[in-house]
There are 2 protein chains.
Amino acid sequence: MPIEFWFDFASNYSYLSAMRIEALARERGVDIVYRPFLLGPVFKAFGWDNSPFVLQKEKGAWVWVDMERQCRKYGLGWRKPSVFPRRSVLPARLATAAEGQPWQAAFIRDIFELNFVHDQDIENEEALSALLRQHGADPQQMLHGAASDEVRQRLRARTEEAQRRGVFGAPSFFIGAEMFWGNDRLDDALDLAAGANQRGAAR
Amino acid sequence: MPIEFWFDFASNYSYLSAMRIEALARERGVDIVYRPFLLGPVFKAFGWDNSPFVLQKEKGAWVWVDMERQCRKYGLGWRKPSVFPRRSVLPARLATAAEGQPWQAAFIRDIFELNFVHDQDIENEEALSALLRQHGADPQQMLHGAASDEVRQRLRARTEEAQRRGVFGAPSFFIGAEMFWGNDRLDDALDLAAGANQRGAAR
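Thresholds applied
- Residues numbered from 1 in each chain as written.
- Chains lettered and ligands numbered in written order.
- Predicted model: local features only at pLDDT ≥ 70, side-chain atom pairs only at ≥ 80, totals over all residues.
- Heavy atoms only, no water.
- UniProt positions renumbered as here; feature names shortened; annotations may be inferred.
- Axes fitted to C-alpha atoms, helices over the stretch in contact; angles between N-to-C directions.
- Helix = DSSP H or I, 4+ residues; strand = E, 2+ residues; numbered from the N terminus.
- Parallel < 35°, antiparallel > 145°, perpendicular 65-115°, else oblique.
- Left-handed = near helix turned anticlockwise from the far one by under 90°.
- Contact = heavy atoms within 4.5 Å.
- Nonpolar A, V, L, I, M, F, W, Y, C, P; charged D, E, K, R; others polar.
- Buried < 20%, exposed > 50% of the residue type's maximum accessible area, 1.4 Å probe, protein only.
- Salt bridge = Lys/Arg side-chain N within 4 Å of Asp/Glu carboxyl O.

Going by what an unreviewed UniProt entry lists, chain A is known as 2-hydroxychromene-2-carboxylate isomerase and is assigned to Zemynaea arenosa. Word for word, the UniProt comment on chain A under Catalytic activity (unreviewed entry) is "2-hydroxychromene-2-carboxylate = (3E)-4-(2-hydroxyphenyl)-2-oxobut-3-enoate". The annotation that UniProt attaches to chain A under Sequence similarities (unreviewed entry) is "Belongs to the GST superfamily. NadH family."

Structure representation (structure tokens):
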């Protein structure tokens, strides 16, 4: 069974999962479905006008210490973003428009690194175009597609699907109907997916 | 360096750590300091009148699924408490009064199991007395001590210390000044403590 990886480019713990998931899924023979969505409407429905890490200062202070430790542990680059949470609508639309492209996963990792390693605006069209070119894509065409009604509607529907399925934060993972929340549950989610594959193969 | 384990008997993720910490600390040669405190005043200072798992229904719903999975993974007993969060002042005072007793850790685990395995009131004096008797303690004497100004003041000071040191939830762990939040960080915290011990021994 595949793992659905639901994430927002503004979410720091989604960054950890985005950088880790490919290797962990490959060693278990699990396929990944990338599901960019927007946390903003999810939080707004809870009555929050910002990230809980901003609204709850005490937890927020700890999160940046934790991120530094986690990135060291996993060997990932890290710079605390000078703007948090960053607006992430345009990259979410681009990643949605890139569905089915063989470079979608690498492009997603690039955007996360733009935010959490290079501390740069992730809605900057020039920076995003440079990344698209690196993957052999046509930036003008992709930006045009990202702005289309079809892609905007698809991303909106994804965010509504997330809410309907009980997503309350990111990253979240689904193995069929089973939801797992947080980078700390990525291994457990993948183990369930791999177990389902094995049971399927044994039949 | 020892690990300080800060917990509230009402906290379900504290239960996981309470049941796991002794074996994990022993294999690393790390000493444990038990620090019962009360989450109520901590949450109240954030403007919350209840557990975040109750206040945020979507996260709350997931937490009980997660607890079932985590207990299965760690081989721990589990029954979803019919009352959550349970009042935990009396057991916190008793665990504070039991400081220095060789049975303190086992008594703490018993109380957590009362809540999260046997689904029972943890402020019930008869149930607590039965546990105390099992450890060879005099229930009347312990309950008397727990009600004393000295113990009440000590517990109050601990909760204030937690707030001063940035604790915003439970379980929390300290290795010296380094704070770790959540059962998911217990291994990392113990690794840091063990590393500090090795560096100390190498000197």
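We are not done yet, so read on.
1. Some thoughts on the packing of helix α1 (residues 12-28) of chain A against helix α6 (residues 104-116) of chain A
Residue and element names in this part refer to chain A. Here α1 crosses α6 at 140 degrees, and the two axes come no closer than 10 Å. Considered as vectors, α1 and α6 are oriented oblique to each other. The crossing of α1 and α6 is left-handed. Contacts from Asn12, Ser14, Tyr15, Ala18, Met19 and Glu22 in α1 reach Ala105, Arg109, Phe112, Glu113 and Phe116 in α6. A breakdown of the residues in the contact of α1 with α6 according to their chemical character gives 6 nonpolar, 2 polar and 3 charged.

2. Description of unusual backbone geometry
Residues and elements named next belong to chain A. Between phenylalanine 84 and the following residue, proline 85, the backbone shows a cis peptide bond with an omega angle of -10 degrees. By the element assignment, proline 85 lies in the loop between α4 (57-74) and α5 (89-97). With omega at 0 degrees, the peptide bond leading from alanine 170 into proline 171 counts as cis. For proline 171, the position within the fold is in the loop between α9 (149-164) and β3 (172-175). The backbone phi angle of aspartate 119 is positive, close to 50 degrees, even though this residue is not glycine. Within the secondary structure, aspartate 119 sits in the loop between α6 and α7 (125-134). Under the relative-accessibility criterion, aspartate 119 is labelled buried at 19%.

3. A few points about the pattern of salt bridges
One pass over the structure, following the stated rule, counts 32 salt bridges over all chains. When the shortest N-O distance is used, the salt bridge between arginine 69 of chain B and glutamate 178 of chain A registers 2.9 Å. In this pair, arginine 69 of chain B sits in helix α4 (residues 57-74) while glutamate 178 of chain A sits in strand β4 (residues 178-181), so the two residues belong to two different chains. Judged by its relative accessible area of 15%, arginine 69 of chain B falls in the buried class. Residue class for glutamate 178 of chain A comes out partly exposed when judged on its relative accessible area of 38%. Taken together, the shared-partner salt bridges in this structure form one network comprising Arg20, Glu27, Arg28, Asp187 and Asp191 of chain A.

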